[in-house]
Amino acid sequence: MTAQVDYLVVVFTATSGASGDLLGSDEKELVQLVWQLVDVKNKKLGKVNELLIKPDLSDLTEEKEEEDVVEESLEQENGSGADCVYKAPSVDKALNMFHLQLTNEVNSAGAGTSVCLCTDGQLHIRQVIHPEAASKNILVPDCFYSFFDLRKEFKKHFPAPDLKALNAHTMAESLSIPVDVPTMWDPSATPDPSVPLPAEVATQQLQVMSSVVLALLSEPFCHTFSNPERVSEKFESGTCSKMEKVCDNTVIRARGLPWQSSDQDIARFFRGLNIAKGGVALCLNAQGRRNGEALVRFVSEEHRELALQRHKHHMGNRYIEVYKATGDDFLKIAGGTSHEVAMFLSREDQIIVRMRGLPFTATHEQVLAFFSPEDELKETCPVSGGKDGILFVRYPDGRPTGDAFVLFACEEHAQCALRKHKEILGKRYIELFKSTAAEVQQVLNRYSSTPLISVAPAPLMPVLPTVSLLPPPGGVRDCLRLRGLPYTASIEDILTFLGEFTQDIRPHGVHMVLNQQGRPSGDCFIQMTSAERALQASQRLHKHVMSSQRGANSRYVEVFPCSAEEMGLVLMGGSLSHTHTHTHTRSRSGTGLSPPPCKSRRLSPPSYSFTPAPPVLPPEAAAALYPPIGQVVLAPRPLPPGHAYYPASAQLYMNYAAYYPSPPGSPNTLGFFPSPSSIASPGGLVRMPGLTYNSNGVKELINAVQGYQYAPEDAFMHAHGPVHTHDPTRTLLTQPKEWVCI
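Quick notes on the rules
Residues numbered from 1 in each chain as written. Predicted model: local features only at pLDDT ≥ 70, side-chain atom pairs only at ≥ 80, totals over all residues. Heavy atoms only, no water. Pairing = 2+ DSSP bridges. Helix = DSSP H or I, 4+ residues; strand = E, 2+ residues; numbered from the N terminus. Buried < 20%, exposed > 50% of the residue type's maximum accessible area, 1.4 Å probe, protein only. Right-handed = clockwise from strand over helix to strand, strands pointing away. Expected span 1.5 Å × (residues − 1). Phe/Tyr/Trp six-rings, centres within 6.5 Å; stacked < 30°, edge-to-face > 60°. Lys NZ or Arg CZ within 6 Å of the ring centre and 35° of its normal.

(A) Geometry of the sheet that holds strand S5 (residues 115-119). Reading across the sheet, the seven strands line up as S4-S3-S2-S1-S5-S6-S7 and stay open at both edges, with mixed pairing between neighbours. Looking along the sheet, the strands with just one partner apiece sit at the ends: strand S4 (84-88) and strand S7 (229-230). With four bridges joining them, strand S1 (residues 7-15) and S5 adopt parallel strand pairing. Bridge pairing in S5 places Tyr 7 opposite Val 115.

(B) Molecular detail of the pairing of strand S6 (residues 146-149). The side-chain alternation of S6 yields two buried faces, one formed by Ser 146 and Phe 148 and the other by Phe 147 and Asp 149. In this structure, S5 lies alongside S6, joined through three bridges in parallel fashion. Residue pairing in the sheet places Cys 118 in a bridge with Phe 148 of S6. Crossover S5 to S6 through helix H4 (residues 123-135) is right-handed. Examined bridge by bridge, S6 and S7 share two bridges and lie antiparallel to one another.

(C) Structural detail: helix H7 (residues 199-217). In this model, H7 (19 residues) spans 29 Å end to end at C-alpha, consistent with the 27 Å of a helix rising 1.5 Å per residue. Of all the 19 residues making up H7, 15 are buried; the element is thus mostly covered by neighbouring parts of the structure.

(D) Region of interest: the packing of aromatic side chains. Applying the stated criterion across every chain, the model contains 11 aromatic pairs. Here Trp 35 and Phe 98 contribute two aromatic rings whose centre-to-centre distance is 4.8 Å and whose plane-to-plane angle is 80 degrees, an arrangement assigned as edge-to-face. On the criterion of sequence distance, the pair formed by Trp 35 in strand S2 (residues 30-39) and Phe 98 in helix H3 (residues 91-109) is long-range, its members being 63 residues apart. No difference in accessibility class separates Trp 35 from Phe 98, as the two residues are buried. With a centroid separation of 5.4 Å and 80 degrees between ring planes, the pair formed by Phe 270 and Phe 298 is classed as edge-to-face. One end of the pair, Phe 270, is in the loop between helix H8 (263-269) and strand S10 (275-284); the other, Phe 298, is in strand S11 (residues 290-298), and 28 residues separate them in sequence. The same class applies to Phe 270 as to Phe 298, namely buried. Site record: aromatic cluster; members linked through ring pairs are Trp 35, Tyr 86, Phe 98 and Phe 144. Between the NZ or CZ atom of Arg 555 and the centre of the ring of Tyr 487, over which it lies, the distance is 5.8 Å.

So, in structure tokens, the structure goes:
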């Protein structure tokens, strides 16, 4: 619409909740709708109409509803200043009544037919009428899909830095319009915008807005109302290229969505705001399932800001959290480069259904027969485009993943297809879900980036010493390993379980092992004073029940004797497999320990099999950075979990199993592990990766090693030069061998 319209309908709304800049942000229902017709050509004002809506129908009978549908009263009777007052029992009837009364008034005027609404800002249409109509599945009349924003029209003649600072009162002052109503409400002066408006304020606001419109139409402005704001009637699906630039100020993240929600459901939640084509991207988790989040891209920053006001609005029975996001976040989910996917999604107005759990040998013909069986008793839902409407998801080497996407021409066919959920194709049941174009891109991107040959992740400490990490066979087995602990077990529970053997534990000799997520793994190592007491404890306590004070669960615990070297290797992330030559049974692989003690069975395995990683550094350089396992001292300070550790495989990765020792304290002897006499070192070297960037450098490092002995001449060095306070994350610390640790 580029030409001047014949009539403007100045509209003002009020809800039972917040007003002003917070109008519509609290999901309160529409209770008042006031409007006045403006004859643009003749510059005349029509009568003021007020429509009162009663949202609660619980106490209305059918007879009362019929009586209260339309009721007129005079200005003197109602006191609101309106010429005509109408009442409606619901929003649905109120919108239809508004459209009917407006049409009759325009026809009776006879000066033209083109009509467009005019509001003070965007909130009345975008945040009040459309969201409530969408939540109640109400069909909105066509007149509510286009409107003029009076603030933007006013700004064309009076530039203002911020549209939010404008209102009917300030516009009237700028145009030198006298405000005759003494109780005029000024939104800028309202201390609490969350307070509902008084009933008479809406009429007063409307009259001031109509005066502003007449002033803009008159000399010297002679303003032309053209190019109104548009409200998108439906969401358009589409594709997005990874090369496309997406503005950071147009994207939001919605969280808490129902898992079965589609892009159309999300667009319905944001009804009234214009979403960019293909601007809804549902997020998937690591298993390829929806995680309840979506990224939504709007056409402008203004619409994004309005979307943020819908934080914790409801979709059904769930409230949805709305946060800011970036353009890169959207491209990571919705962006794609596959030509095959672009061709598949190029057909517009198609409904996409995702198939999951397909047999790897499934063909196009089998999928077509699944949706259009020859059996007349079953429902038929033809696939749009035949074979071209089916897209199989494959790995880069061409192997099928068991997923496929299918196009249907209309919603009716798609719903018919979804009713085949968990029906059998071949020998497998098939899961069916309504999907989106962004989900197609996301699934294809994920599988296309999967390497043909699985590559182990880069280790946290990529350089390993060439000194053998395997414990020598026949070591002193003066330690215990407890396996199968309750996950809520504490060190106090372990001491209670050990009973009389508690007095044989070395100082700080209880070490709880954590898993990759930093939670207790059910394993524990205990350093005993002698191998004899360790053997006695394992024989007496093996498979006894341990209870936890913090939980009702109790479990039997396996107790094995082990050596300090074996304990250190497991704590470092290694695993050992061994075979006992004197028995015909093979023990469990990967425990690093022998089976439960028995007099007829050897306690020390004769040999170990382990595939060491190839050396990366020369022996001299590696030995300088990483001391052998025998020199490792478990730090007496508790180490809080917080890092993800890589699993051990053929290559031994450091720091796989985290641990925390018994209560802290300064050691009064040398390290807990005996140091091999064959390796002599005048001092030790500590490598501290992962220090925080906001640390205070040397001061915090000294506090970290407080309680250990070190010489004043000990120096702090950086891996690439001197330590800098802005980058202390790669620090080397020289120390005497009395407190060697990793």
